[in-house]
Every structure is written in structure tokens, then in C-alpha cells.
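# Chains, contacts and geometry: an overview
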Amino acid sequence: MEQTVLRVSNLCKRFARRGRADVVAVDDVSFDIAAGECVGLVGGSGSGKSTVARLVTRLIEPTSGRIVLNGKDVTNVRGAERRAMAKDVQMVFQSPVSSFDPRRTLGEGIGESLRNRGVSKADARSRVLELLDQCGLPAECADRYPREVSGGQCQRAAIARALAPDPALLICDEATSALDVTVQAQIVALLRHIQRERGLALLFVCHDLALVQGLCDRVLVMRAGRIVEDGPARTVLLSPTHDYTRQLLAACSASRRSDG
Ligand SMILES: Nc1ncnc2c1ncn2[C@@H]1O[C@H](COP(=O)(O)OP(=O)(O)OP(=O)(O)O)[C@@H](O)[C@H]1O
Ligand SMILES: [Mg+2]
């Protein structure tokens, strides 16, 4: 049987807002991700995708439900335990440049988690160079600052940083959305390569269904905080059963036509 890396059960997140009604951003969401599986999470703006990503990485507290990572219940972990979780789950965000400290080199940023775990400076440095190479970057990038590389190179460095702790699960939240189309395709190819080579579980949050189709085995479709469709990528994207998925597909191909 395939090993389950992530199991999310009945997850809910309600945001309280001063003087206004609460927002239920995530409403009874359940799904699993197996080792080596690549799952796309799609849905319109505000459907709750980033909230799911932030809940799973425990950047925010769930209102209710359960999150189990590698067999360990992490729903309520805090402090040191929460930081220790970073070994198992890492995230790559939309804006690579702002995800790095501008005063530190990319090499320092990538090696930080290793240094924090007590890896020597020399060992961290050689691991950083290996990671840069695996992510298609020259060694000299280690000594550059985030503003001194292109957006695509910076996103590769962010992927290298996420891989440094050797996580079981990588979450990419719109990791290609700020990049131009050819660079997007390169980053997707890199993620596919790394994911297969490492047997990594990948949750790929993206509003571009064509990219999701090229990368993912399975697709979850979110609408208003709920998962309305969950199935193999080909089935969901080529013959969706839900009207909402059809609307998303139509909107996506219309925006591609207007881009091209
Ligand atoms: N900290 C917060 N406080 C209040 N409401 C929030 C907060 N974070 C998110 N929300 C609300 O929760 C809902 C889901 O937001 P979320 O960012 O998860 O959507 P998304 O699917 O990632 O959208 P996008 O595609 O635009 O990134 C939205 O209505 C949003 O306004
Ligand atoms: Mg989002």
C-alpha cells in the first residue's frame, strides 16, 4: 500500500472580522496525499486554496478538523514542535524575491535550515552547492543577493531552500504565477523532475489549469471553502463532472486565448 504523507480530515478555518460577519475560508475539507503523489489544488480567487496551504504548514491555526503528517497528528503543534515540522513539510510562495532576506545571500538563505540543525558551515556550503545544481543554478548564485538574480532563478533558489531539510511534502502556492510563460514551464519541469526523483509528495496550488494538467496526477477543485471535485487529473480536467470545474476550464482557456 502507498504510504500516506498527508491526511487532512474535516478541516475548517473561520476568520473573525471586526464588525463584520466571519469568513469561513475552509469548510469541512478532507483529502490525502500519498508519497510520490502530485496533487493540484485549483479554484477561483478566494476559494480557500492558500488557507488550506497555510493550515497544512501550520502557519495558521485550524478552527477544527485534523492534520496528520507522516502518521503524526500535527493539528495542535506549537512552538518548537511546529518548527520541527518544517523538516517534513516545506512551502514555496508566489513571490520568490520577497521570500528571501534581502540582506543575506541566496546561499545563506538556502543553508539556514541546515545551520539551525547544527550542520557545520562547510557541510552546509557543499549541500547548498548540490541543491543549487539540482535546481539548475550555477554555484556562483550562492553568493548573490535575491535582487541580483532573475525571478525564475530566485524561484529555483526558493525551491532549493525548500528541499534543504529533505521534506516529505512540498507545497507550492502559486509558485509560478509571478513568472513569464516560458519560465513557468521551466519551473514546472524542474518540480516534476525533483518530485519524481525524490518520491516527494507535492501539493501544487495554481489557478492555471494547463500547468496543473502537465504536472499533477490528481486534482482537487475548491469552491467557497469546499472541495467540489477530487479525481485523476485527466478525468477532472478533460471530463469534469461539476459545473464549477467546467466554468474554471472555460475561464482558463479564455484567458490563454487573450494572452496569446
Ligand atoms: N487573515 C484573514 N482574515 C480574514 N479573511 C481571510 C484571511 N485570509 C484569507 N481570508 C479570506 O478567506 C477566503 C479564502 O482566501 P484564500 O487566500 O485562501 O483564497 P485563495 O483560493 O488562495 O485565493 P487566490 O486564488 O486569490 O490566491 C477569502 O474570502 C479571503 O478573503
Ligand atoms: Mg491564494
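Being a predicted model, the structure only gives us computed values, none of them experimental. (Residues numbered from 1 in each chain as written. Chains lettered and ligands numbered in written order. Predicted model: local features only at pLDDT ≥ 70, side-chain atom pairs only at ≥ 80, totals over all residues.)

## Details of the nonpolar core
Keep this limit in mind: Take the buried Ala, Val, Leu, Ile, Met, Phe, Trp, Tyr and Cys residues, join any whose C-beta atoms are within 7 Å, and the set you get is a nonpolar core. Three classes are used. A residue is buried when 20 or more other C-beta atoms lie within 10 Å of its own, exposed when 12 or fewer do, and partly exposed in between, with C-beta atoms placed from the backbone. Each helix corresponds to a stretch of at least 4 residues labelled H or I by DSSP, and each strand to a stretch of at least 2 residues labelled E; elements are numbered beginning at the N terminus. Per the annotation, domain bounds derive from an automatic or database assignment of domains. Contact between residues is assigned whenever the C-beta positions, reconstructed from backbone atoms, fall within 7 Å.
Leu-169, Leu-203 and Phe-204 are the most contacted members of the largest nonpolar core, which totals 72 residues. When residues of this core are assigned to their parent elements, the largest contribution, 7 residues, is made by helix H5 (residues 151-163). Residue contributions to this core reach at least three from each of two domains, namely domain 1 (4-88 + 167-259) and domain 2 (98-166). Once residues within four sequence positions are removed from consideration, Leu-203 is found in contact with Ile-33, Val-39, Leu-41, Ala-53, Leu-169 and Ile-171.

## Re the site of ligand 1
Our working rule: As used in this record, a residue near a molecule or strand is one whose C-beta atom, placed from the backbone, is within 6 Å of it. Nonpolar residues are Ala, Val, Leu, Ile, Met, Phe, Trp, Tyr, Cys and Pro. Charged residues are Asp, Glu, Lys and Arg, and all others, Gly as well, are polar.
As a matter of local geometry, ligand 1 sits amid 13 residues, with Phe-15, Ala-25, Ser-45, Ser-50 and Thr-51 nearest to it. Counting residues per element, the ones that place at least two in the shell around ligand 1 are strand S1 (4-17), strand S2 (20-34) and helix H1 (49-56). With 3 residues, the single largest contributor to the shell around ligand 1 is H1. Here the residues of the shell around ligand 1 sort into 3 nonpolar, 8 polar and 2 charged.

## Here we look at the pairing of strand S9 (residues 218-223)
Quick note on the threshold: The pairing criterion is simple: DSSP has to find at least two bridges between the two strands.
Where burial is concerned, most of S9 is hidden: 6 out of the 6 residues are buried. Of the two faces of S9, the one carrying Arg-218, Leu-220 and Met-222 and the one carrying Val-219, Val-221 and Arg-223 are both buried. For S9 and strand S10 (residues 226-232), the ladder comprises 6 bridges, and the chain directions are antiparallel. Looking at S10, one finds that Arg-218 is bridged to Pro-232. Hairpin connection between S9 and S10: a loop of 2 residues separates the two successive antiparallel strands, and Ala-224 in this loop has a positive phi of roughly 45°.

## Quick notes on the sheet that holds strand S4 (residues 64-69)
The antiparallel open sheet is built from 4 strands, whose spatial order is S2-S1-S4-S5. Strand pairing shows two members of the sheet lacking a second neighbour, S2 and strand S5 (72-73), which therefore form its edges. Sheet topology places S1 next to S4; 5 bridges connect them, and they run antiparallel. Each bridged residue has a counterpart across the sheet, and for Leu-6 the counterpart in S4 is Leu-69.

## Side note on H5
The cut-off we apply is this: Helices are assigned an expected span. That span is 1.5 Å times one less than the residue count.
The end-to-end C-alpha distance of H5 is 18 Å, a good match for the 18 Å that 13 residues give at a rise of 1.5 Å each. Burial within H5 is extensive, with 12 of its 13 residues counted as buried. All buried positions along H5 are accounted for by Gly-152, Gln-153, Cys-154, Gln-155, Arg-156, Ala-157, Ala-158, Ile-159, Ala-160, Arg-161, Ala-162 and Leu-163. In this structure, the buried residues of H5 make contact with strand S6 (89-92), helix H3 (106-116), helix H4 (121-134), strand S7 (169-173) and helix H6 (181-198).

## Examining the domain arrangement of the protein
When cut into domains, the protein gives domain 1 (4-88 + 167-259) and domain 2 (98-166). For domain 1 versus domain 2, the distance between C-alpha centres works out to 25 Å. The interface is formed by 12 residues belonging to domain 1 together with 13 residues belonging to domain 2. Broken down by element, the residue count for the side of domain 1 that touches domain 2 peaks at 5 residues, all from H6. Here the side of domain 1 that touches domain 2 is composed, by residue class, of 10 nonpolar, 1 polar and 1 charged.

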